[in-house]
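Summary of the model geometry
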Protein chains: 2
Amino acid sequence: MMAASEWSLDGWMTTRLARVEAALDAWVTDAPVPTLGWGAPSTLVEAMRYAVLDGGKRLRPLLTMAAFDALSPSRETSSETAVLRAACAVELIHAYSLVHDDMPCMDNDILRRGKPTVHVKFGEAGALLAGDALQALAFELLTPDDGSVPLAVQGRLCGVLSRAAGSTGMAGGQAIDLSSVGTRLDEPALRHMHELKTGALLHASVMLGAVCGQATDPVMRALSDYGHAIGLAFQVVDDVLDVTADSAALGKTAGKDADNDKPTYVSILGLEASQRLANDLLVKAHASLKASGLADTVALAGLANLVVQRSH
Amino acid sequence: MMAASEWSLDGWMTTRLARVEAALDAWVTDAPVPTLGWGAPSTLVEAMRYAVLDGGKRLRPLLTMAAFDALSPSRETSSETAVLRAACAVELIHAYSLVHDDMPCMDNDILRRGKPTVHVKFGEAGALLAGDALQALAFELLTPDDGSVPLAVQGRLCGVLSRAAGSTGMAGGQAIDLSSVGTRLDEPALRHMHELKTGALLHASVMLGAVCGQATDPVMRALSDYGHAIGLAFQVVDDVLDVTADSAALGKTAGKDADNDKPTYVSILGLEASQRLANDLLVKAHASLKASGLADTVALAGLANLVVQRSH
């Protein structure tokens, strides 16, 4: 990493985003697999690419790469391959969850980032299968059979990602969300839902980078605290923006959660207390970085600021 | 394994099935995870258990355990844990695919094995999430963090299973199936669809057992040939039974594929040639077992016979 005086978050993000976009473009593919003699069917891959290559913020891959950079490892090729694969894998899990979330039986959204959602464009069956295949592809990316990622690292990465995606993580949070519409959640119950629904995958994004960077146990714990803090902060800020931002800035319908009678931080704590909570979590994230004892946490610090101070 | 004179496939299957059923019952659970402080939401787990613990034939787990047994390893605890986890993981992938397949946007089936399908009982959103969580749980099972399965083995198992489940495997085959209704497939195209849709996971079932049993490369290749042969035979026999068996024996509507204008082996090759093909594949499976040089392949041989000679 460059000296602090030359370093900028924007510059750091630009180089990392370019790598992630190029890798996703290359890895979500219908190119034949030499060992099989065939590739994925192009109709399926078209829907998968539509879901993934559509200009998301890529916050999760950036967190993975920032955690890896903070560990300043010796930058062996194998580690760099591992972290790029991990960064893309977590984005594929995020992308699949959006595809399934948008389906008629879930949120029934017809637009995402100004484009028709996957089931509108490819049909419900196409969206269902594209989501299913994206989840599998995440684990395929983590387990290359070319020796580029040590097998033991593959095992650890799959362990972290599957738990964050599954019934005690993201899918579990969505199930709680589904059963909580129209009910009164108190703050601990709301927090628990978000810890699973969005927090688990954001937390895992940091942990995947830490695994690739071979963090020691104490550093792993400090980065885990950082991941929990920004995971929750992300959702609190989302709820605040749902009330304070306009639809154009958000790129989605503002006020939708309140209209749908979904419990939010703002509806439970009020706007001001929610904003205070977001800032408290930001302070906590920075404190965790300090506690890690790592010298070079500028990217992680910058991403934490970005999560809390974003306008959309 | 017992001497050949005392050994019976039924006896072997009974002990293995008991282990698989007990393990699935224990591992598809809402019990709190100590490291997290919470468990999966019970509404979600109820749907997952309904999908999994409903008395399937468990052919895939049996193949995994039979391949492991054929390698006659030293039966260390760690390997036995690995093979049981792998056997259950492949069954979870199979179970999730049935849940999503039955949904209204796919096959729109309301009954499976005489019971209401998951979306009928738990709603479409509940079925979608249960399937998603079952896929993740498969990879969670393969990656225990208690040291019971070596990390390198975890990595290999996740690699095999994710490729079999994904866009060049099961999900890819379903996408081809979806786009082939009402079209004329020739035999190579039909074969390709089934190699992905059902063959890939059956093949992977064998490979997972081979990985747990630390098969050498030549043995791996022979078992791979066996897996391909029975994977295809399974589907050919399915198509034959769709025509020759009655609905009561099948536990599902006979003649359904033909009625839906789905291409089948029988519709392309005719009944007699399909039955010959199934027998040729059985001969090929047995030849592969012989080529493996393994001494004790009775369970794999018995399962191959069962696949081809079954009546439902």
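One structure accompanies this document, and this report is about it.

Rules used in this analysis
- Residues numbered from 1 in each chain as written.
- Chains lettered and ligands numbered in written order.
- Predicted model: local features only at pLDDT ≥ 70, side-chain atom pairs only at ≥ 80, totals over all residues.
- Helix = DSSP H or I, 4+ residues; strand = E, 2+ residues; numbered from the N terminus.
- Buried ≥ 20, exposed ≤ 12 C-beta atoms within 10 Å, placed from the backbone.
- Contact = placed C-beta atoms within 7 Å.
- Least-squares fit on C-alpha atoms with pLDDT ≥ 70 in both.
- Nonpolar A, V, L, I, M, F, W, Y, C, P; charged D, E, K, R; others polar.
- Axes fitted to C-alpha atoms, helices over the stretch in contact; angles between N-to-C directions.
- Left-handed = near helix turned anticlockwise from the far one by under 90°.

Structural notes on the overall build of chain A
- When its secondary structure is counted, chain A shows 14 helices and two strands.
- With the C-alpha coordinates of chain A rotated into their principal frame, the extents come out at 55 × 50 × 35 Å.
- Among the 312 residues that make up chain A, the fraction classed as buried is 51%.
- Restricting the contact set of chain A to residue pairs at least 6 apart, pairs at least 24 apart contribute 72%.

Comments concerning the relation of the copies chain A and chain B
- Mapping chain A onto chain B calls for a screw motion: a turn of 180 degrees about the axis and a shift of 0.0 Å along it, with 0.0 Å RMSD after fitting. Taken together, the rotation angle and the small translation identify this as a two-fold axis.
- Comparing contact sets, 100% of the residues at the interface of chain A also lie at the interface in chain B, consistent with an isologous, same-surface contact.

Describing the interface of chain A and chain B
- With 49 residues of chain A in contact, the opposing surface of chain B contributes 49 residues.
- Looking at the side of chain A that touches chain B, the elements with two or more residues in it are α2 (42–52), α5 (118–142), α6 (151–165) and α7 (170–180) of chain A.
- The element contributing the most residues to the side of chain A that touches chain B is α5 of chain A, with 12 residues.
- Broken down by class, the residue content of the side of chain A that touches chain B amounts to 27 nonpolar, 16 polar and six charged.

Remarks on the packing of α5 of chain A against helix α6 (residues 151–165) of chain B
- In the contact formed by α5 of chain A and α6 of chain B, the axes pass within 8 Å of each other and the chain directions differ by 145 degrees. The chirality of how α5 of chain A crosses α6 of chain B is left-handed. Counting all contacts with α5 of chain A, which are made through Ala136, Phe139, Glu140 and Leu142 of chain A, the residues of α6 of chain B involved are Cys158, Ser162, Arg163 and Ala165 of chain B.
- In the contact of α5 of chain A with α6 of chain B, the residues fall into five nonpolar, one polar and two charged.

A word on the environment of Phe68 of chain B
Residue and element names in this part refer to chain B.
- Turning to its location among the elements, Phe68 is positioned in helix α3 (residues 59–70).
- On the basis of neighbour count, Phe68 is assigned to the buried category, with 29 C-beta atoms found within 10 Å.
- Setting aside chain neighbours within four positions, we find Phe68 in contact with Val83, Gly209, Cys212 and Gly213.

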